[in-house]
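As a plain string of letters, each chain reads:
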Amino acid sequence: MTFDPNADIRSDNVRRAGGGSSGGGFPRGPRRGRVAIPMTGGGIGITLVVFVLAATGVIPASVLDSLLGAGSATGSGYEQPVQPHTRGGALTECRTGADANRNDDCLVQATVESADGLWSRIAPAAGIKFREPQTVIFSRQVATACGNATSATGPFYCPADSTIYIDTSFYRELQARFGSSSGQLAKSYVVAHEYGHHIQNLQGAMRGINRRSTGPQSDAVRLELQADCYAGVWARHAASTPGPGNSAPLLKPLTKKDVQDALSAAAAVGDDHIQKDVAGGQVQPESWTHGSSQQRQRWFITGYNSGEIRTCDTFSADRV
Ligand SMILES: [Zn+2]
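Below or above, wherever it landed, is the structure these notes cover. (Residues numbered from 1 in each chain as written. Predicted model: local features only at pLDDT ≥ 70, side-chain atom pairs only at ≥ 80, totals over all residues. Heavy atoms only, no water.)

### Thoughts on the pattern of salt bridges
1) Next: Tallied over the entire structure, the rule returns eleven salt bridges.
2) Next: In this structure, R10 and D8 form a salt bridge, with 3.1 Å as the shortest nitrogen-oxygen distance.
3) Next: D65 serves as the salt-bridge partner of R211, at 2.5 Å between the closest nitrogen and oxygen. Of this pair, R211 sits in the loop between helix 5 (184–203) and helix 6 (219–237) while D65 sits in strand 2 (residues 65–66); the two residues are 146 residues apart in sequence, bridging distant segments of the chain.
4) Next: A single network of salt bridges, built from pairs that share partners, joins R16, E93 and D105. (Salt bridge = Lys/Arg side-chain N within 4 Å of Asp/Glu carboxyl O. Helix = DSSP H or I, 4+ residues; strand = E, 2+ residues; numbered from the N terminus.)

This is how it looks when you write it as structure tokens:
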């Protein structure tokens, strides 16, 4: 158990896209008139989907921040154009920490609420003008200010609408396909990483860097490792950060196992692990966009050990 069962995890900035409380996602079939970016083609192969979508401009890889590198797409790709998320709403079933401990959608919401509490306290001291991100829980596909995306993208953050997007069915893949442990902190790490991208967005860390660069020491990898470090900063303070209205912290004190679970998830989404163990191919460091398992774990731990934003300056490090 990770969240205090009695904690109040209600939120006004986490919502479900479309489909109402059942979370059914968008209806299949073409829609006209409301689609921000037209999509073309279909039947794209699993491992190529991110490359192809990036090439067609449907998912501009340079403007959304996914958890996973290209070539790691998890689903069957997009199917049809989708409507903007005009329906849906609050996750009314997510009220307490007990809900977060048994329901992954509620776990996402509770992690976001915890991160709101922490970052609203520590970001201003670091010169960051803080505002909370939005979070959208979707099913299969979603329209965003960064373009249309599908579950195949994995969880991501869109700077253009300051929103974290996640289809929590990803958690099954994280465990079954990518080999993460199934612990609660493994799941929260994913949210905290995307939240880290929001902090970077507020910081302006995404400006002036070469987002299209690849390789273990590239700007792209440094950006991802900084988000991992920020996830560690959150984890460090999660059990001591007051909940909404100065209530008790949302999380129970972390155990060694909790930290191991987060590290397990960080390793599971490492580029080398995905290229070799998940995709069954060669490790090609020159193509990395997110960093190796070891890099991702190391930067999570850097943030966790220090609990300080300034230790996450991956852009000033000689090597990351
Ligand atoms: Zn990322």
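### Examining the packing of aromatic side chains
1) Next: A full pass over the atoms with the stated rule returns six aromatic pairs.
2) Next: Consider the rings of W119 and Y230, whose centres lie 5.3 Å apart with planes at 65°: the pair is edge-to-face. A residue pair is termed long-range when its members are at least 10 positions apart, and W119 in helix 3 (residues 104–122) and Y230 in helix 6 qualify at 111 residues. Each of the two residues, W119 as well as Y230, counts as buried.
3) Next: Among the aromatic side chains, those forming a connected cluster through ring pairs are F170, Y171 and F178. (Phe/Tyr/Trp six-rings, centres within 6.5 Å; stacked < 30°, edge-to-face > 60°. Buried < 20%, exposed > 50% of the residue type's maximum accessible area, 1.4 Å probe, protein only.)

### What to know about the coordination of the zinc ion
Put simply, a metal with four donors set out as a tetrahedron has ideal angles of 109.5 degrees, and one with six donors set out as an octahedron has ideal angles of 90 or 180 degrees.
1) Next: Bound to the zinc ion are the protein donor atoms S66 (O), H193 (NE2), H197 (NE2) and E224 (OE), situated 1.9 to 2.7 Å from the metal.
2) Next: Around the zinc ion, the four donor atoms sit at angles spanning 94 to 132°, and that spread fits a shape best called tetrahedral.
3) Next: Positions of the donor residues of the zinc ion, expressed as sequence spacing, correspond to S-x126-H-x3-H-x26-E. Residue S66 is found in strand 2, and its partner E224 is found in helix 6; the two are separated by 158 residues along the sequence. One exposure class covers both S66 and E224, and it is buried. (Donors = N, O, S within 2.8 Å, 3.2 Å for Na, K, Ca; no water. Tetrahedral: all angles 85-135°; square planar, octahedral: opposite > 155°, others 65-115°.)

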